[in-house]
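# Descriptive structure summary
Each chain is listed here by its residues.
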There are 2 protein chains.
Amino acid sequence: MIAPGRLAELFTPRSVALIGATDRSMWSRYTHQNLRAFSPEVPVYCVHPRHDVVHGDPVHRSLEAIGAPVDLAYVMVPTTEVVPVLAQAADAGVRNVVVLTAGFGEAGPEGRALEERAVALANERGMILLGPNGNGFINAADQVAPYGLPITPPLHAGPLGIVLQSGGLASVVLHMATSRNIGISRLVATGNEAMVTATDVLAYLVADERTRAVAAFLESIRDPDRFREIATAAVDAGKALVVLKVGRSAAGQQAALAHTGAIVGDDAVVRAALRQLGVVQVDSLEDLLVTSGLLAHHPQRLGRRLAAVTASGGACDIIADRATDEGIVLPEFPEATAAGLAEVLPAFSNPRNPLDVTGYVVVDSTISHRALEVVVDGAPGTYDTIVYQATVPQNPPPDPALVLNRYRAVRATVDRSPVPVLVQSASSSDISPYARSVLDEVGLYVLNGIEHGMTAIGRAVDWHERRAKPRPRSPSPPAGEGWGGGERPRSEAELRTVLQAAGVPVTPSRLATTAEEAVVAATALGLPAALKVASPDIAHKTEAGGVALDLRRPEEVAEAFAAIAASVARAAPAARVDGVLVSPMRTGGVELLVSVRRDPAWGPVLAVGLGGVWVEVLEDAALRLLPVAVEDVEEALGELRGAALLRGARGRAPVSVRRVAEVAVAIAAVAEGLGDALDTLEINPLWAAGERVEVLDALIVWRKEE
Amino acid sequence: MIAPGRLAELFTPRSVALIGATDRSMWSRYTHQNLRAFSPEVPVYCVHPRHDVVHGDPVHRSLEAIGAPVDLAYVMVPTTEVVPVLAQAADAGVRNVVVLTAGFGEAGPEGRALEERAVALANERGMILLGPNGNGFINAADQVAPYGLPITPPLHAGPLGIVLQSGGLASVVLHMATSRNIGISRLVATGNEAMVTATDVLAYLVADERTRAVAAFLESIRDPDRFREIATAAVDAGKALVVLKVGRSAAGQQAALAHTGAIVGDDAVVRAALRQLGVVQVDSLEDLLVTSGLLAHHPQRLGRRLAAVTASGGACDIIADRATDEGIVLPEFPEATAAGLAEVLPAFSNPRNPLDVTGYVVVDSTISHRALEVVVDGAPGTYDTIVYQATVPQNPPPDPALVLNRYRAVRATVDRSPVPVLVQSASSSDISPYARSVLDEVGLYVLNGIEHGMTAIGRAVDWHERRAKPRPRSPSPPAGEGWGGGERPRSEAELRTVLQAAGVPVTPSRLATTAEEAVVAATALGLPAALKVASPDIAHKTEAGGVALDLRRPEEVAEAFAAIAASVARAAPAARVDGVLVSPMRTGGVELLVSVRRDPAWGPVLAVGLGGVWVEVLEDAALRLLPVAVEDVEEALGELRGAALLRGARGRAPVSVRRVAEVAVAIAAVAEGLGDALDTLEINPLWAAGERVEVLDALIVWRKEE
């Protein structure tokens, strides 16, 4: 773990040595060129043992030969020379190193050993190392860019920090940011992350005062515990973390156990974890940039009620559709606003939200802005965010002052608006240099494109809402820690005892070993009854013919007992069978699944879902990292596609979501109390009807290695 | 309906008169400028009764005063003057008119009347009229653009035809196409569609030999029957229609009846219809252009097995994720290919598909192309489409010949490849003028951006697959046309008779009017039994307490009869009650819903889905326009989210999807036979277990107005 303060030193070098500089290497050329172009005041020393002049500069034979302090060593020597060079750098008092050279951990065991030696040496000598196998970084805020790929000027400084676990995409992302007029604070490609990890850089960016939001391209989150801390710090600081997490398709590799395998796949856990931690997730590079760009450039809170001013009915159609997708509402304009718009707009227009000022804008270019003025006057109360679609000309018109004055007027309206006004371009094409100059001059940020823009607004609204919610109180520590003798419950009967002891309501049941006992038990507990084989060796009781439901008369109970005994003997002849559990039948409610499974990276994860087809066919489950509070679980239940069933769809009585959540929290506490050896605790079904909630079936699996 | 040949005349004017030309109008200026810039050889006559010089040209007082034939009149006069101008145009022998002027049908009843007069006059005088309230068109193939908004040259001619029902978006779409290097054949904004409709233009573009694919931005499809014909013609011609249909959020406005209301919402029908007709649907302007651009520029068939060559691991991650989303597979490279790649690439690389040639491409810019060569040699057999990610420099390098030669070599490899090679840019930023010049010079098309590019590939593969499928034979004409006496079945009992007569299997049932009759019937039909109130006035029997299921003993049947009678009397005291229908209980199978509902635009629509929560909570239904063949319905059933249940999920026996489809087709035939007065015929549930399929409940609703 590298502290933010230490990284600040790495990222703001006052002098740089290019070690292994040579005219033949494009990396060397680009890095030299980037440093010279953006930070002419930062001394750059080319170091090479055999050249005299490189990139037109005199060459130093070694680091010591420079004779001046070196803040950053940018290392491009062959793989095998990297460790010796690091030693020389340490001798010369260098504290910060970028290693561009590849052939380390990514290349196999030999490279991995070399990488470990490099890290050991750096640690020993108090150096930090970015890379290897990375292109370096771009500090746009301070305009210094020891970065091995070409950068087309200008290097637009601004509020967005970017970190990428892919060096190859760094230039793509930089280019996409520039062409969307997004200002960058720092852009860091972490390469092999031998020392400095993406998590370190995230922590740095969250702490960095020049950064107001962070975009991250992540292949893996190596230190989930620290990531949790950083994400929480980002939420506290009001800086959105926007993440494009790749590797979705690798999900679901884990062998599935019980039904939970399909639910708690790796990627599903990561997605749930990120959401729970207040991280904004996106699914494309475009959304990564447009969404983080919005959150960086518009830190004010955006509300869910939107007004839009556009110059095309088609744009209005798209905005309306996409708003619905994002859960954004487009309220009707207040009467006074509609009346005001009717005055500004031509007679054939229709002053509705979203507003099309019509093609008449070609005749009178002021109507767009005047319409915006009227709409701004109508806020707040009705809408709390305004989108203003504007097309800045690509090329300077005959009279550039006209354009500049128009956008100055827009800026003035934006400034006096009681609610945020987001300027948006209808096209997602690049912002031209001329358009950029106009926007920079007047200080406006333009959201790029309708669809990606609406996605950005949706995500931003969501982020602000989640951030404003009171955080659920932490639950009390697990009640049952230790379980008396420390014995692990293994059978369902033992598990029922443990759950009951922890206050989890469990359907009454009795173990019967004969048909007669079953009839007695069923009659005592109340008909109709459910019978279920009790065996530590049979996980899938239904498939083994070990379950009989809805037995209404004593004879049916006796017959079912015999049938179960016969089926199980056939299906699982080697299984130990303790008998048959007899319970009263629960009907008329909803069956849920509640499980806790240990994810290898994120620890215990709670899954809640509706039982049966919902989980098995639709994989409709909501996940939460533990610990959870009751409010968390209520929210999770609300996210289910089948949530309407809990609210009483199809003529049923609604289920108390609060009560289900309380029971799920109690189950989660039991799971946490069972310690690290627990693999899965699964309640399926958890039956709920109104305020009544009961565990009907429970399964426990311990980790194999223990 | 305007025939394609007639539109060809409109779209290739050899002379244009700008009627109402004036320096004060930007529309006039832009149109004049566009005509002068792109078609200097086409005479342009400015017509205005009072000006002498407009746009630097001498002005004609009237159309007659021109003294030369005029192919196209481009009308910009005030709204009230349009009809007189049209009369003058007709007198002058003009056959083609664009009306830019607004204030017609879109502005209210007065405007609508004016619009009707204009159309009547045009029809009478043999003229066709594009607009009003439209910006005209761009014929890039012939480089003539009577179009009222600015066009930045060059006007890149190519294989994509574009039609838009939004004039305001036309320039946005043009700009987005240009910046993605997509070549345009024609771009037409249809305005109010007083005469020339988007459907007319679609028919024209499908027939146009310069157009290889069509992109359409549609707000509504006004003539579904003709649209069906055109879509079919497009599939036959091998030209993809790519549609962005807006107005999704307006769906579900229709009052819902029974359960079908939630399913056969307008927009759901349009989406199903488009899919059934082989139309490619997209959800953003970006996808509209990138997908149609691919299909226009790469008409060869694309297969589902993809190999990718990139210069970044991050791009590979995204491609892998997006490929999974699109159902595209990334097969492992054959051994020989992997070995060949190992020779070309640096030692630390990993020759897997998708391939990252590594950042070493900075050192040796040839490795990317050499890797492509090896991958091309490995096809076909393993993969049938190759993506080659390439970044053409934005600006000319010191030695432009190097770049040109590199892309010439790529082009040669593309040409010799046995499978299509798609060149793709990692960034979705604009293609720079220099990059465009290189691509034009060597004749390569670049797919814009990874994510939108993968969407395009997914849609294109899908389109080619659907196109290659044998079309299902048309079903035989509905068997039961006329129903004997022409009496409309109104009660469930009558409906059961009609269904049975048409060969639809219906669960046996008997009507009982006393508890004793119910017991007799239940015993005769076989216990357990189901009881259901029979009443023409009760549509929701369960809600009225009119249903009892799983009655195993005679006493239970008698009790249930009494309970139903009591409940119904309480819930619906005014309802006419014929008695109670007694049926044997069907369990252990799957319950489906099959319904036919008349959509106001598209006619009868078949919906198939799983019953219960699947339809009511998840709205999981697949729709098909009638007529359908059995294969259509099999495909529709396969699209359901719950399709796994039909295949035997959760330990059940699989259902014969073929048999279900046959029954659904028979039900559809009954519905068609019932004629236009039918609103809804709904079978819910249709019970299926293995080869057994039976109607358990049926509901019919006739249209109100008849």
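Residues numbered from 1 in each chain as written. Chains lettered and ligands numbered in written order. Predicted model: local features only at pLDDT ≥ 70, side-chain atom pairs only at ≥ 80, totals over all residues.

Attention shifts here to the overall build of chain A. Counting secondary structure elements, chain A contains 23 helices and 28 strands. Expressed as a percentage of its 706 residues, the buried residues of chain A come to 53%. Looking at chain A alone, contacts between residues at least 24 apart form 71% of all its contacts between residues at least 6 apart. (Helix = DSSP H or I, 4+ residues; strand = E, 2+ residues; numbered from the N terminus. Buried ≥ 20, exposed ≤ 12 C-beta atoms within 10 Å, placed from the backbone. Contact = placed C-beta atoms within 7 Å.)

Regular strands place side chains that alternate from one sheet face to the opposite one. Residues and elements named next belong to chain B. Every second residue of strand 6 (residues 96-99) is oriented toward a common face, with Asn96 and Val98 on one face and Val97 and Val99 on the other, all of them buried. Two elements, strand 5 (residues 72-75) and strand 6, share four bridges in a ladder whose sense is parallel. For Ala73, the partnering residue across the bridge sits in strand 6 and is Val97. As judged from the three bridges shared by strand 6 and strand 7 (residues 128-130), these two strands associate in the parallel manner. Residue pairing across strands places Asn96 opposite Ile128, the latter belonging to strand 7. With helix 4 (residues 109-124) bridging strand 6 and its parallel neighbour strand 7, the resulting β-α-β unit is right-handed. (Pairing = 2+ DSSP bridges. Right-handed = clockwise from strand over helix to strand, strands pointing away.)

Quick look at the environment of Arg659 of chain A now. Residues and elements named next belong to chain A. With respect to the secondary-structure elements, Arg659 resides in helix 23 (residues 657-673). You can call Arg659 partly exposed: it has 16 C-beta atoms within 10 Å. Sequence separation of Arg659 and Glu451 is 208 residues, and the distance between their C-alpha atoms is 40 Å. Here Arg659 is in contact with Glu691 and Val693, once residues within four sequence places are set aside.

Another aspect to go through is the pairing of strand 5 of chain B. Residues and elements named next belong to chain B. By the alternation rule, side chains of strand 5 split into Leu72 and Tyr74 and Ala73 and Val75, which are all buried. Bridge count between strand 1 (residues 16-19) and strand 5: four bridges; the pairing is parallel. Bridging from a neighbouring strand, Ala17 pairs with Ala73 of strand 5. With helix 3 (residues 82-91) bridging strand 5 and its parallel neighbour strand 6, the resulting β-α-β unit is right-handed.

Let us look at the sheet that holds strand 15 (residues 355-356) of chain B. Residues and elements named next belong to chain B. An order of 15-14-16-17-18 is seen for the five strands of this open sheet, with the pairing classed as parallel. Edge positions in the sheet fall to strand 15 and strand 18 (446-447), since each of these pairs with one other strand and no more. Helix 10 (residues 313-326) rests against strand 14 (306-310), strand 15 and strand 16 (385-389) of the sheet, and its axis sits at about 160 degrees to strand 14. (Axes fitted to C-alpha atoms, helices over the stretch in contact; angles between N-to-C directions.)

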